[in-house]
Amino acid sequence: MKKKGKESPKEKKPQYSEAGDMKAFIERERDKAKKNRIKNRPIVFMSYVMVLVFLGMFSYIIYFMLTQSELVVANSSNKRQDSFAKFVTRGDIVTNDGVVLATTVVEKGSGNSSDENDSDNSDTNEYRYYPYGPLFAHTVGYNSYGRSGIELSENFDLMRSHVNIWSKVQNDLGDEKNPGDTIVTSLDYDLQQAAANAMGGARGAVVVLEASTGRILTMYSSPSFDPNDIDNVWASVHSEEGSNSTVLLNRATQGLYAPGSTFKVITAMEYIKEHPDYAAYSHICNGTDIFNSVSIRCSNSTVHGELDLAGSLAHSCNTSFAYIGTNEIDMDKLHGMCESLLYNNKLPYAGEYSKSQFQLNGDSDIGEIPQTVIGQGNTLITPLHNALIMQSIANGGMMMKPSLVDRLENADGAVLKNYKPKSYGQVIEPSITRDIIPMLQEVCNSGTASSYMAGKPYTVAGKTGTAEYDNSGNCNSWFVGFTNVDDPDIVVSVVVEDYTSNQISGTSVASQVMDAYYNK
């Protein structure tokens, strides 16, 4: 019997029986769901991020395999290339006219190998042979001790083989290596020999560029070495007695020299840029003068008298250019022009090189100006870089990238790839080059280079330079210029060390190299 006032459990009313209570329940559930979504946002976000990262990595792997993998393998620092030697005999390096500069000699049955990259085949001995020894040593390089020169930069292509399939099958069946591909360089044997002969054993460097393309026809550095004897050369330069030797230094690309009066070309171009009325310039040279408390004298204290800008450049008047530097041009703008010409910057060159240096600017001590604007002071440049600046002038301000390789061929002579000339870009205003070129012609017709350059059957524009390298008056001799002024053929850059002692001038070397080019 039920007691009054109490309900049985079955008779208890539901908690949400009314519409208002149900609405409150739904709102609470929505709030819970909203809070859960907020809590889960980081998890969802990270999930999307991980999916995108995965898709990105997967896409990059596909892109890398299709477009970049060969570039990585081809990198000269990639040791994986050495494994190719087990299957491929290293290819030849030749000049543009077919002269073999480096080849691999394979001797059968010797039972040993002296080449560090040779295979383990005990029945053969492979070694690298350089038919012309020291003549191309710095440019072609050597294939030991980390490699150098073209042997280093083109190592990947030299260790690949693209002979026809039938030849590969025969070689594989006969357990023979496949012959490597051939690097055809832009180098010219006759010009390289002419440069070496003209240097006469003096220290220095010669660079010859094809003006319109940047192809390197000659790159000679002296003193040289015999890459066929690289083991002994290497041991010598790393001995206590040979620790100061620079025989392995490629002076053409790594030798840093004060530019001497060749720098006056840049000073003159900056003056032209800042002074459209440059033709009205006049300076009276008394042989010596003082600028910013620095004494400047012309060569042998020569009194040049009254000169305009063209005459100042033709006769390489130190006092005139010191006056221009201290009174007529802005040092920050000069610094900017130098950097646009790649001082303090990387060169568009694939091989090993030293970066040229120019420090002067508007904040420098004014006492540094007179020496710097005439090419002394702390300014340093390589022969290759000096050639690139002159090449840019010859091309109306357009610098072409220097190159050493013309094409890649397989062992049968079939062309696999041609390397086209590439432009670095406009580095000088065309109007400035048009104004400076006639002045550079006067240097060669009636100025400091006339004793060697005047009266040739071809026209020459250029600039001489004599750069002191110590406090005793010892000098290096420069010449940089180009031939066939109206449609330039070649650019020649020469530096001869210690001109004071050997009396071999850069101008005389350049003259012989130019003649060799036109007498071919």
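What you see is a predicted model, and the numbers here were worked out from it, not measured in a lab.

Asks: Which parts of the structure should I look at to understand the overall build of the protein?
Replies: Scanning the protein for helices and strands turns up 18 helices and 19 strands. Burial status across the protein gives 47% buried among its 520 residues.

Asks: Where do I start with the sheet that holds strand E4 (residues 124-129) in this structure?
Replies: Each strand in a sheet pairs with its neighbour through backbone hydrogen bonds, running either in the same direction (parallel) or in the opposite one (antiparallel). Pairing is mixed in the open sheet, where six strands are placed in the order E4-E3-E2-E6-E14-E15. The open sheet has two edge strands, E4 and strand E15 (415-418), and neither has a second partner. Here six bridges tie strand E3 (residues 100-108) to E4, and the two strands are oriented antiparallel to one another. Note that in E4 the partner of Val106 across the bridge is Glu126.

Asks: What is the right way to look at the layout of surface pockets in this model?
Replies: Over the atoms, a rolling probe the size of a water molecule traces out where space has been left empty. Taken as a whole, the second largest pocket encloses approximately 1,000 Å³ of empty space. Around the second largest pocket, the lining is made up of 34 residues, and of these Ser261, Ser299, Asn318, Thr466 and Cys475 lie nearest the centre. When contributions to the lining of the second largest pocket are tallied by element, the ones reaching two or more residues are strand E11 (294-297), helix H16 (450-453), strand E17 (460-468) and strand E18 (475-483). No other element matches the five residues that E17 contributes to the lining of the second largest pocket. Class assignment for the residues of the lining of the second largest pocket results in seven nonpolar, 22 polar and five charged.

Asks: Hey, could you run me through unusual backbone geometry in this one?
Replies: The phi torsion of most residues other than glycine is negative, and most of the peptide bonds are trans. In this structure, the amide linkage connecting Ser222 to the following residue, Pro223, adopts the cis form with an omega of 5°. By secondary structure assignment, the location of Pro223 is in the loop between strand E8 (216-222) and helix H7 (230-237). Phi angles above zero are rare outside glycine, and Tyr145 is one such case at about 50°. In this structure, Asn292 takes a positive phi of about 50° despite not being glycine.

Asks: Whenever I open this one, helix H14 (residues 383-394) confuses me. Can you help?
Replies: With 12 residues, H14 extends 16 Å from end C-alpha to end C-alpha; this agrees with the ideal 16 Å at 1.5 Å per step. The buried fraction of H14 is high, at 12 of 12 residues. Residues of H14 that are buried: Pro383, Leu384, His385, Asn386, Ala387, Leu388, Ile389, Met390, Gln391, Ser392, Ile393 and Ala394. In the segment just after H14, Gly396 is the residue with positive phi, at about 70°.

Asks: Would you mind showing me how to read the sheet that holds strand E19 (residues 490-496) here?
Replies: Strand order in this open sheet of five strands is E8-E7-E19-E18-E17, and the pairing throughout is antiparallel. Two strands close off the open sheet at either side, each with one partner strand: E8 and E17. Averaged over all pairs of adjacent strands, the angle between their axes in this sheet comes to 5°, without regard to strand direction. When E18 meets E19, the two strands line up antiparallel, connected through six bridges. Looking at the pairing, Val480 lines up with Ser493 of E19.

Asks: I'm lost on the pattern of salt bridges in this one. Help?
Replies: Pairing is possible between side chains of opposite charge, provided their charged atoms come close. In this structure the tally under the stated criterion is 12 salt bridges. The residue Lys177 makes a salt bridge to Glu126 at a minimum N-O spacing of 3.0 Å. Of this pair, Lys177 sits in the loop between helix H5 (165-173) and strand E5 (178-179) while Glu126 sits in strand E4, and the two are 51 residues apart along the sequence. Residue Lys177 is classed as buried on the basis of its relative accessible area of 17%. For Asp515, the salt bridge goes to Lys456, with nearest N and O atoms at 3.0 Å.

Asks: Teacher, can you tell me more about the packing of H14 against helix H15 (residues 430-445) here?
Replies: When two helices pack together, you describe them by how their axes are tilted relative to each other and by the distance separating the axes. At a minimum axis distance of 9 Å, the contact between H14 and H15 shows a crossing angle of 110°. The angle between H14 and H15 places the two elements in the roughly perpendicular class. Between H14, through Met390, Ser392 and Ile393, and H15, the contact on the second element is made entirely by Thr433, Ile436, Ile437 and Leu440. Considered class by class, the residues forming the contact of H14 with H15 number five nonpolar, two polar and no charged.

Asks: Explain the environment of Leu408 to me, please; I cannot follow it from the model alone.
Replies: Within the secondary structure layout, Leu408 lies in strand E14 (residues 405-409). Overall, Leu408 belongs to the buried group, its relative accessible area being 4%. The spatial distance from the C-alpha of Leu408 to the C-alpha of Asp181 is 7.0 Å, given a sequence separation of 227 residues. Leu408 has contacts with Asp157, Asp181, Thr182, Ile183, Ala414, Val415, Leu416, Lys417 and Tyr419, leaving out every residue within four places of it along the chain.

Asks: Please explain helix H6 (residues 189-199) as it appears in this structure.
Replies: Each turn of an α-helix holds 3.6 residues, which means side chains three or four residues apart point in the same direction. The element H6 is largely enclosed, with a buried count of eight among its 11 residues. Tyr189, Leu191, Gln192, Ala194, Ala195, Ala196, Ala198 and Met199 are the residues of H6 that are buried. The inward-facing, buried residues of H6 abut strand E7 (204-210), E8, E19 and helix H18 (506-518). Here H6 starts with a cap whose side-chain oxygen sits 3.0 Å from the backbone nitrogen of Asp190, and that cap is Asp188.

Conventions used here
- For every chain, the first residue of the written sequence is number 1, and numbering continues from 1 onward in sequence order.
- With the structure being a predicted model, the display of local features is reserved for residues of pLDDT at least 70 and the display and counting of side-chain atom pairs for 80 or more, all residues being used for whole-chain, interface and lining totals.
- Water and hydrogen atoms play no part in the side-chain values, which are based on all heavy atoms of the structure.
- Here a strand is any run of E in DSSP of at least two residues, a helix any run of H or I of at least four, and the numbering for each starts at the N terminus.
- The cut-offs for exposure are 20% and 50% of the maximum accessible area for each residue type, with area from a 1.4 Å probe on protein chains only; residues under the lower value are buried, those over the upper are exposed, and the others partly exposed.
- Any two strands between which DSSP finds at least two bridges are classified as paired.
- Using protein atoms alone on a 1 Å grid, points that fit a 1.4 Å probe yet trap it form a cavity, whereas open point sets bounded by protein on both sides within 12 Å along at least five of seven lines form a pocket; residues with an atom within 4 Å of a point count as lining.
- Grid points are joined across faces, edges and corners, and a volume is the space filled by probe spheres set on the points.
- Side-chain classes follow a simple rule in which Ala, Val, Leu, Ile, Met, Phe, Trp, Tyr, Cys and Pro form the nonpolar group, Asp, Glu, Lys and Arg form the charged group, and the remainder, Gly included, forms the polar group.
- Residue count minus one, scaled by 1.5 Å, sets the expected span of a helix.
- All axes are obtained by fitting lines to C-alpha atoms, using only the stretch in contact for helices, and the reported angles, taken between N-to-C directions, cover 0 to 180 degrees.
- Within this document, salt bridges are pairs made up of a side-chain nitrogen of Lys or Arg and a carboxyl oxygen of Asp or Glu, the two lying within 4 Å of each other.
- Our angle categories are set so that under 35 degrees counts as roughly parallel, over 145 as roughly antiparallel, 65 to 115 as roughly perpendicular, and the remainder as oblique.
- Only heavy atoms matter for contacts: two residues are in contact if any of them lie within 4.5 Å across the pair.
- As used in this structure description, the phrase polar contact means that two N or O atoms lie within 3.5 Å; if the pair is within protein, one of them must be able to donate a hydrogen and the other to accept it, and residues adjacent in sequence are counted only when both atoms belong to side chains.

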